[in-house]
Amino acid sequence: MLTRPKLLIDKKKCITNINRMVIKAKENNVLLRPHFKTHQSAKVAEWFKEYGVECITVSSVKMAEYFANHGWKDITIAFPANILEWKEINTLANSINVNIVVESIESILFLESKLTSPVGVYIKVDTGYGRTGINADDFETILNLLKRLKNSKNLIFIGYLCHAGHTYNTSSIAEIEKINKLAKEQLLALKTFMASEFPLAEISFGDTPSCSILNDFSDYHELRPGNFVFYDLTQHSIGSCKLEDIAVALAVPVVAKHPKRNEIIVHGGAVHLSKDSLKDKDGNTYYGIAVKLNGNKWDVNKKIGTVVKVSQEHGIIKVEDHILKEVQIGDLIAILPIHSCLTANLMKEYQTTDGENISMMI
């Protein structure tokens, strides 16, 4: 029996989510290179292999090392290259196909001087997210990078990589369609601009909302969604998934009740769920949705309440009168996370609904 916060994972739901995305990639004749930063687990990664996935994305050199040590041979590190890790990148490139992301002359020049094994290179392009990457219409800067890459011995230019993360801030399918349409136009214009010098340049695109909701990806070479394996309340609010598709939930014990405030307190706070939040239709902030837990399985149709506040270890759940009477101190309940990637990263391990413990990279 669980006695403390534990992240539960429903393998059947994960498999369904994986299979759905694999089918979509095949229908578009594009490579599915899923981002493994969501689950960070060699065991979960095996479920992808069962559906023919051979190429993956990670967010750090450390993560690339972890999955390389578990048999993955084609890995893209979709984060601006940390040139201080050039030795580790070299070691990886000696044994597997590793791709990195650059967006500056400084990084290219430094890596040119240090790397001794071929490394694939994407130029990071910003199509409106505003986090990092070169603006898609900044042809001059991109051209300067390409000139350097063209003469490089061990930096092998592959193409352009984009993450349309601003889809996470949308509230309609129309907005996601608009973001994807603009990104596609910008990336194709960029590819056309340099077609004479780099006719085989590829486009790597990926965000879970776009890849879940849209259907036409025929102009891309590969898709890199990550969160889709688990989904979460953020994806549900966008329209990427149904509540039934969410494949992880945090099991937490009830430790106190406050009838005058219609609140129950659980051992499950910011160090378990993170402080990511959403707004309900009335503009109120919440940090998760609590549902009933039967053994290791949760029921999204039996809502207990809303997590209205989190501190380091505490979760405060607002409930109705009848729920307050039903839920007792010592009960275990489940919380659907706002952001499953962060929750998984904080918890560092899973327990399946069948009772199997699954480790993550540490």
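Details of the structure are given in the entry above.
Engineer: Which residues make up the overall build of the protein chain, and what values do they have?
Structural biologist: The helix and strand tally for the protein chain stands at 12 helices and 20 strands. A compact globule built from 362 residues should have a C-alpha radius of gyration of about 21 Å, and the protein chain, at 22 Å, falls within 12% of that. Dimensions along the principal axes, computed over C-alpha positions, put the protein chain at roughly 70 × 40 × 35 Å. Buried positions account for 56% of the 362 residues belonging to the protein chain. Sequence separation of at least 24 residues holds for 66% of the intrachain contacts in the protein chain that already meet a minimum separation of 6. Surface exposure of the protein chain reaches about 16300 Å², of which carbon and sulfur atoms provide 50%. Treating the 42 positive side-chain charges of the protein chain as one cloud and the 41 negative ones as another, the clouds have centres 4 Å apart.

Engineer: Tell me what's going on with helix α3 (residues 61-68), and back it up with residues and numbers.
Structural biologist: When you tally the buried positions in α3, you get six out of eight residues, the bulk of the element. Among the residues of α3, those classed as buried are Val61, Met63, Ala64, Tyr66, Phe67 and Ala68. Looking at the buried side of α3, the elements it contacts are α2 (42-49), β3 (55-58), β4 (74-80) and α4 (86-95).

Engineer: Provide a residue-level description of the pattern of salt bridges, including the pertinent values.
Structural biologist: Under the defined criterion, the tally for this structure stands at 13 salt bridges. The salt bridge involving lysine 181 is made with glutamate 185; its shortest N-O contact spans 2.7 Å. Of this pair, lysine 181 and glutamate 185 both sit in helix α7 (residues 173-193), four residues apart, roughly one helical turn. What makes lysine 181 exposed here is its relative accessible area of 52%. You can call glutamate 185 partly exposed: its relative accessible area is 42%. Across the pair lysine 184 and aspartate 219 runs a salt bridge, and its minimum N-O distance is 3.8 Å. On the criterion of sequence distance, the pair formed by lysine 184 in helix α7 and aspartate 219 in the loop between α8 (208-213) and β10 (222-223) is long-range, its members being 35 residues apart. Aspartate 219 gets classed as partly exposed once you look at its relative accessible area, which sits at 36%. One salt-bridge network, held together by shared partners, links Arg33, Asp74 and Glu222.

Engineer: An account of the environment of methionine 194 is requested, with residue identities and associated values reported.
Structural biologist: Its location among the elements puts methionine 194 in the loop between α7 and β9 (202-205). By relative accessible area, methionine 194 is classed as buried at 5%. Each C-alpha atom, one on methionine 194 and one on leucine 146, is 8.9 Å from the other, the two residues being 48 residues apart in sequence.

Engineer: Outline the packing of aromatic side chains, listing residues and values.
Structural biologist: Tallied over the full model, the rule gives 11 aromatic pairs. Residues phenylalanine 36 and tryptophan 72 carry aromatic rings whose centres are separated by 5.3 Å and whose planes lie at 90° to one another, so their mutual orientation is edge-to-face. With phenylalanine 36 in the loop between β2 (31-32) and α2 and tryptophan 72 in the loop between α3 and β4, the pair connects residues that are 36 residues apart, well separated along the chain. Ring geometry for phenylalanine 157 versus tyrosine 160: centroids 5.5 Å apart, planes at 65°, classification edge-to-face. When sorted by exposure, phenylalanine 157 lands in the same class as tyrosine 160, which is buried. If you follow lysine 49 out to its NZ or CZ, it ends over the ring of tryptophan 72, 4.7 Å from the centre. Over the aromatic face of tyrosine 220 sits the side chain of lysine 184, whose NZ or CZ is 5.5 Å from the ring centroid.

Engineer: Which residues make up the nonpolar core, and what values go with them?
Structural biologist: One finds Phe67, Ile123 and Tyr160 to be the most contacted residues of the largest nonpolar core, which totals 120 residues. Isoleucine 123 has contacts with Val102, Ile134, Ile142, Leu145, Leu146, Leu149, Phe157, Gly159, Tyr160 and Leu161, leaving out every residue within four places of it along the chain. Formed by five residues, the second largest nonpolar core is a distinct cluster that contains Val101, Tyr122, Ile158 and Leu161.

Engineer: Can you tell me about the pairing of strand β19 (residues 349-352), naming the residues and giving the values?
Structural biologist: Relative to β19, strand β1 (residues 6-9) runs parallel, the two being bridged by two bridges. In the sheet register, isoleucine 9 faces β19, and the bridge partner there is threonine 352. As paired strands, β19 and strand β20 (residues 357-359) are joined by three bridges and run antiparallel to one another. Following the sheet pairing, glutamate 349 is matched in β20 by serine 359.

Engineer: So, helix α5 (residues 105-114): which residues are in play, and what are the values?
Structural biologist: For α5, every residue scored as buried is listed here: Ser107, Ile108 and Leu111. Around the axis of α5, the buried residues are gathered within 95° of arc, so they sit on the same side. Summarising the geometry of α5, the exposed residues directed more than 90 degrees from the buried face are Glu106 and Ser113.

Engineer: Run through the state of the cysteines, naming residues and quoting values.
Structural biologist: In this structure the tally under the stated criterion is zero disulfides. With no disulfide of its own, cysteine 14 lies 12 Å from the sulfur of cysteine 341, the closest cysteine sulfur. Among the residues examined, cysteine 14 registers a relative accessible area of 0% and is labelled buried. Of the residues examined, cysteine 341 reaches a relative accessible area of 8% and is grouped as buried.

Engineer: An account of the side chain of glutamate 263 is needed here, citing residue identities and associated values.
Structural biologist: Among the secondary structure elements, glutamate 263 is positioned in strand β12 (residues 263-267). Engagement of the side chain of glutamate 263 in a polar contact is seen with the side chain of arginine 261, the distance being 2.7 Å.

Engineer: An account of unusual backbone geometry is needed here, citing residue identities and associated values.
Structural biologist: A positive phi is found at asparagine 262, a non-glycine position, where the angle reads about 55°. Structurally, asparagine 262 is set in the loop between β11 (248-258) and β12. Backbone geometry at serine 274 places phi at a positive 80°, although glycine is not the residue there.

Reading the values: the criteria
- Residues numbered from 1 in each chain as written.
- Predicted model: local features only at pLDDT ≥ 70, side-chain atom pairs only at ≥ 80, totals over all residues.
- Heavy atoms only, no water.
- Helix = DSSP H or I, 4+ residues; strand = E, 2+ residues; numbered from the N terminus.
- Rg over C-alpha atoms; globule rule 2.2 N^0.38 Å.
- Buried < 20%, exposed > 50% of the residue type's maximum accessible area, 1.4 Å probe, protein only.
- Contact = heavy atoms within 4.5 Å.
- Areas by Shrake-Rupley, 256 points an atom, 1.4 Å probe, with all protein chains shown as cover.
- Lys, Arg positive; Asp, Glu negative; His and termini not counted.
- Charge placed at Lys NZ, Arg CZ, Asp CG, Glu CD.
- Salt bridge = Lys/Arg side-chain N within 4 Å of Asp/Glu carboxyl O.
- Phe/Tyr/Trp six-rings, centres within 6.5 Å; stacked < 30°, edge-to-face > 60°.
- Lys NZ or Arg CZ within 6 Å of the ring centre and 35° of its normal.
- Core = buried A, V, L, I, M, F, W, Y, C linked by side-chain atoms within 4.5 Å.
- Pairing = 2+ DSSP bridges.
- Arc of directions from axis to C-beta.
- Disulfide = S-S within 2.5 Å.
- Polar contact = N/O pair within 3.5 Å; in protein donor to acceptor, adjacent residues only side chain to side chain.

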